[in-house]
Amino acid sequence: VDVDHANLASAVVSRDNGDRRIYVSSVQNAVDAADEGTTVKLGEGEYDVSDKVNVDKSVTLKGVGERPVINRTGNQWVALKVTADDVTLENLKLVNLDNTNANRVRGLHGNQDSEGLTIRNVVVDGVDGTVGSNEPGYGMTLLGNSTTVVDSEVKNVEGTKFAAGIRLGGDEDLEVENGTIDNVEVSEIKETGSATDDSVGIFLASISSG
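Keep in mind it's a predicted model, so treat the numbers as computed, not measured. (Residues numbered from 1 in each chain as written. Predicted model: local features only at pLDDT ≥ 70, side-chain atom pairs only at ≥ 80, totals over all residues. Heavy atoms only, no water.)

1. Here's the deal with the environment of Thr192
Now for step 1: Along the chain, Thr192 turns up in the loop between β15 (180–191) and β16 (199–204).
Now for step 2: Since its relative accessible area comes to 42%, Thr192 is described here as partly exposed.
Now for step 3: Every residue in contact with Thr192, bar those within four places of it in the chain, is listed here: Thr130, Glu158, Gly159 and Thr160. (Helix = DSSP H or I, 4+ residues; strand = E, 2+ residues; numbered from the N terminus. Buried < 20%, exposed > 50% of the residue type's maximum accessible area, 1.4 Å probe, protein only. Contact = heavy atoms within 4.5 Å.)

Structure, rendered in structure tokens:
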């Protein structure tokens, strides 16, 4: 799929008699247009999103060619959120900056309904949680079971309260298990609200011991 200008996504829906290509004006519209179990392919370029992209069905969201950028430009706490099982994210770059009123800032968030999430060749580069005085900044927060993160990178994440490249789990009532993190580089994670840098690369908030 060749999309040669930004802000135009292509949802490619696989069918028995071939693929159906749908051109839409936003990444969210492309996800909405795709059927369960199919692939949404994003062409090269930068996709500015004023609201978060919510992947709420079991699809593959895949960048083709040079890694496309999903740049959240509005006042939202996350650039891309996954709220469905068996979602695959591949060959993407996520940026979440300019958070005027957000009380938490994340690049990628998989909630408790994102079991079986696969993140492959995804870069989170730039999460700014330094606008407010009490903002945590996270590159990825992963709350679903059996999440796989491979061949990916998280960098340039800042928060005034706390900062982490990847957070696993929520609290004692929301544990994660059976996950895999392999060949993932985490760097430049900073907490700026105190004299001591309260930041970690991978934060095990709550994981199952079973």
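There's plenty left to go through after this.
2. Digging into unusual backbone geometry
Now for step 1: The phi torsion at Asn91 lies on the positive side, around 55°, for a residue other than glycine.
Now for step 2: With respect to the secondary-structure elements, Asn91 resides in strand β9 (residues 88–96).
Now for step 3: The exposure class of Asn91 is buried, given its relative accessible area of 12%.

3. Points about the packing of aromatic side chains
Now for step 1: According to the stated counting rule, one finds two aromatic pairs in the structure shown.
Now for step 2: Centroid distance Phe162 to Phe203: 5.2 Å. Interplanar angle 65°. Geometry classified as edge-to-face. One end of the pair, Phe162, is in strand β14 (residues 162–168); the other, Phe203, is in strand β16, with 41 residues separating them in the sequence.
Now for step 3: Judged by relative accessible area, Phe162 falls into the buried class, the value being 15%.
Now for step 4: One aromatic cluster is present, built from ring pairs that chain together Tyr138, Phe162 and Phe203. (Phe/Tyr/Trp six-rings, centres within 6.5 Å; stacked < 30°, edge-to-face > 60°.)

4. Regarding the environment of Gly37
Now for step 1: As for its placement among the helices and strands, Gly37 is situated in the loop between α1 (27–33) and β3 (39–42).
Now for step 2: The class for Gly37 is exposed, based on a relative accessible area of 66%.
Now for step 3: Note: C-alpha distance between Gly37 and Val87 (50 residues apart in sequence) is 8.7 Å.
Now for step 4: With residues up to four places along the chain from it excluded, the contact list for Gly37 reads Ser58 and Val59.

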